[in-house]
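A closer look at the structure
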Protein chains: 2
Amino acid sequence: MNLPSPNHALDLRIATAAIASRVETAMRGDLERTLTGCDSLLGEVVHHALFTGGKRVRPLLTVLSSHCCGRDDDDLYLLAAAFEYLHVATLIHDDVIDQATQRRGSATVIARFGLTAAILGGDWLYARSMYLFGHLAGPQGLQIFCKAILSMVNGEFVQLRLACDTTTSKQQYFEVIRQKTGNLIASACALGALFAGADDLRVQALSTYGDLIGAAFQIVDDLLDFQGDSENTGKKTGNDFAEGKMTLPLLHALERADATDRCRIEELLAADRANPASYRQMTALIEHYDGFEAAADTARHLVDQALAALAPFTRAGSVDANVRLLQELARYILIRNK
Amino acid sequence: MNLPSPNHALDLRIATAAIASRVETAMRGDLERTLTGCDSLLGEVVHHALFTGGKRVRPLLTVLSSHCCGRDDDDLYLLAAAFEYLHVATLIHDDVIDQATQRRGSATVIARFGLTAAILGGDWLYARSMYLFGHLAGPQGLQIFCKAILSMVNGEFVQLRLACDTTTSKQQYFEVIRQKTGNLIASACALGALFAGADDLRVQALSTYGDLIGAAFQIVDDLLDFQGDSENTGKKTGNDFAEGKMTLPLLHALERADATDRCRIEELLAADRANPASYRQMTALIEHYDGFEAAADTARHLVDQALAALAPFTRAGSVDANVRLLQELARYILIRNK
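Attention now goes to the side chain of H87(B). With respect to the secondary-structure elements, H87(B) resides in helix α4 (residues 74-98). Accessibility expressed as a relative area gives 16% for H87(B), which makes it buried.

The transformation that overlays chain B on chain A combines an axial shift of 0.0 Å with a rotation of 180°, and the residual RMSD is 0.0 Å. As the rotation angle and translation indicate, the two copies are arranged about a two-fold axis. For chain B, the smallest separation between a C-alpha atom and the rotation axis is recorded for G134(B), amounting to 3.2 Å. Here 100% of the interface residues in chain B have copies in chain A that are interface residues too; the copies meet face to matching face.

Before going further, it helps to spend a moment on the confidence of the model for chain A. Regions with low pLDDT should not have their predicted coordinates read in detail. The predicted model of chain A averages 93 in pLDDT, with 97% of residues at 70 or higher. Model confidence for the complex is summarised by a pTM of 0.93, with the ipTM given as 0.92.

Residues and elements named next belong to chain B. At a minimum axis distance of 7 Å, the contact between helix α3 (residues 57-68) and α4 shows a crossing angle of 150°. Classed by the angle they form, the pair α3 and α4 counts as roughly antiparallel. Viewed along their axes, α3 and α4 form a crossing whose handedness is right-handed. Between α3, through R58, P59, T62, V63, S66 and H67, and α4, the contact on the second element is made entirely by L76, Y77, L79, A80, F83, E84 and H87. For the contact of α3 with α4, the residue count by class is 7 nonpolar, 4 polar and 2 charged.

This next bit is on the interface of chain B and chain A. Of the residues lining the interface, 38 residues belong to chain B; the matching set on chain A comes to 39 residues. When the two sides are added together, the surface that chain B and chain A hide from each other amounts to roughly 3,700 Å², 76% of it contributed by carbon and sulfur. The tally of links between chain B and chain A comes to 2 salt bridges. With its nearest N and O atoms 2.6 Å apart, the salt bridge here joins R161(B) to D39(A). Elements with a minimum of two residues in the side of chain B that touches chain A: α2 (40-50), α4 and α6 (115-162) of chain B. With 27 residues, the single largest contributor to the side of chain B that touches chain A is α6(B). Split into classes, the residues belonging to the side of chain B that touches chain A amount to 24 nonpolar, 9 polar and 5 charged.

What counts and what doesn't
- Residues numbered from 1 in each chain as written.
- Chains lettered and ligands numbered in written order.
- Predicted model: local features only at pLDDT ≥ 70, side-chain atom pairs only at ≥ 80, totals over all residues.
- Heavy atoms only, no water.
- Helix = DSSP H or I, 4+ residues; strand = E, 2+ residues; numbered from the N terminus.
- Buried < 20%, exposed > 50% of the residue type's maximum accessible area, 1.4 Å probe, protein only.
- Least-squares fit on C-alpha atoms with pLDDT ≥ 70 in both.
- Contact = heavy atoms within 4.5 Å.
- pLDDT = per-residue confidence, 0-100.
- Axes fitted to C-alpha atoms, helices over the stretch in contact; angles between N-to-C directions.
- Parallel < 35°, antiparallel > 145°, perpendicular 65-115°, else oblique.
- Left-handed = near helix turned anticlockwise from the far one by under 90°.
- Nonpolar A, V, L, I, M, F, W, Y, C, P; charged D, E, K, R; others polar.
- Buried area = accessible area lost by both parts, 1.4 Å probe.
- Salt bridge = Lys/Arg side-chain N within 4 Å of Asp/Glu carboxyl O.

What follows is the structure in structure tokens.
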């Protein structure tokens, strides 16, 4: 079992808060320089999107990965900020696609500022993140980063294609989440390491770690969409089901279901998925076939593999405090409730 | 007067077609390499957006600018393709914002493939264009490129703010079109020159040329929105008026109008602008105050300035064929009807 110990969890909270604060300082400084003379609405949109909550997971991973490899300076926090810019750009555009009104307990950009501001604000953050990458991480860094974005967009297209498709295999599911989430989280880790001048072994280890916790993170997201408390998560449950997303708990239930229940699941996916009664029935069916527990098991297994991937950093015996934070972060993913 | 001579216009058409063909070959090759293994819908979206017409003005400028400075190889066409990717990404997102159904005489991406595909397809092209820039043009190139994108987005925000604002000054108008169009066209020229290793004088000359023809291009766009033939332009006239854009012909009319007509213009802007009768009345008012002719004069003046900016390339006496093509292209902008 990989549950966080209370002390280590506290260390993680303290370190996370300190890093998030420096990343936020870097973002505010960068925005102040870049947005000077720009339209005030653009500034409002970007600030609203960036500073309304957010777990700062991606920048945290960049910073910790770089720390594990021995670098810590102001530019690192700006590089980390670029990951947050990119992440938030994708969230703004996702909320346009989903016509979502709530994100992190606040109004989404599209709900508050309208369609034009949401599309253009997202585009601005995309461009700014790539600028920072090209500037700070050089051609190799930009290449990793852009490939991760291309892969992420492709993952969204594949997910769209597989919507409501009950023949979706678990392999297809894992491929989608690797493309949508894993690659970018892997590149947040890898680029932190590269930025610190780490050797290939360490870059690869952190990249694998990121890939695996990215997958675990996504599975926990799937679970929260069914089991989360919207007061904690800041968004409505049932979104994935309403969009016909074939998430892991559902795929597990489909795999186990008898013919009658399989038909029932197919009917629920084909009918009005925004209906709360359908959502409740789907939740009960997944529960009946242990879909939630099976998905949670998979997430735990991925976190175990992620911890094993950190071997190049743990072989020496005494484990560096930064590596311990990466370990804690991986374990935290399993118990997060937002 | 800067009207193109028939022979030079023919040279321009032949050169344009040859360059466009090589740019298209570069795009097809790049997409084949990049989209292999990707979702087929993503490929369809990107191909539909890129290969349904398009004047290829931006890549043409990159190629001609580079030719003027002595470089011509395969990578140049890929760099030029990146400008087309970026341009088309902005068009896809613009069509989402405007809910446009027609572009270049075909269905827009949003009309044909839906919202998700349009937002994500645009994001993909943004990311791919930046990847190519970082890869081919180095940090300096990426910096110029990203700054132009940031400025373009800001220009859109300022334009949004000024919608229907009859106190908009011509200076504000020129600032918006410089940010929205001029900067990117200037960077298409500057990056072609930089790619060829040109000195600062030549880079700056081509950048200024691009900035000025970009402004002229936008003014002609304003005119075509009132006076164009939708069979030629491939899009409905009256879009700008419907969106409340304060274009140059309208600003000129506002400047000249007597109190009664000024009130009338304000009323038309405040009422249902999608009404064809309002559009006809607005057109008549602008006509009455010579707004179209004044805007065309301004475009001609900008093209004269653009031609003058090419001085570092024309001082030697005999003018290089590539420089002559840039001159022709500038003149062509004034007589384009699509």
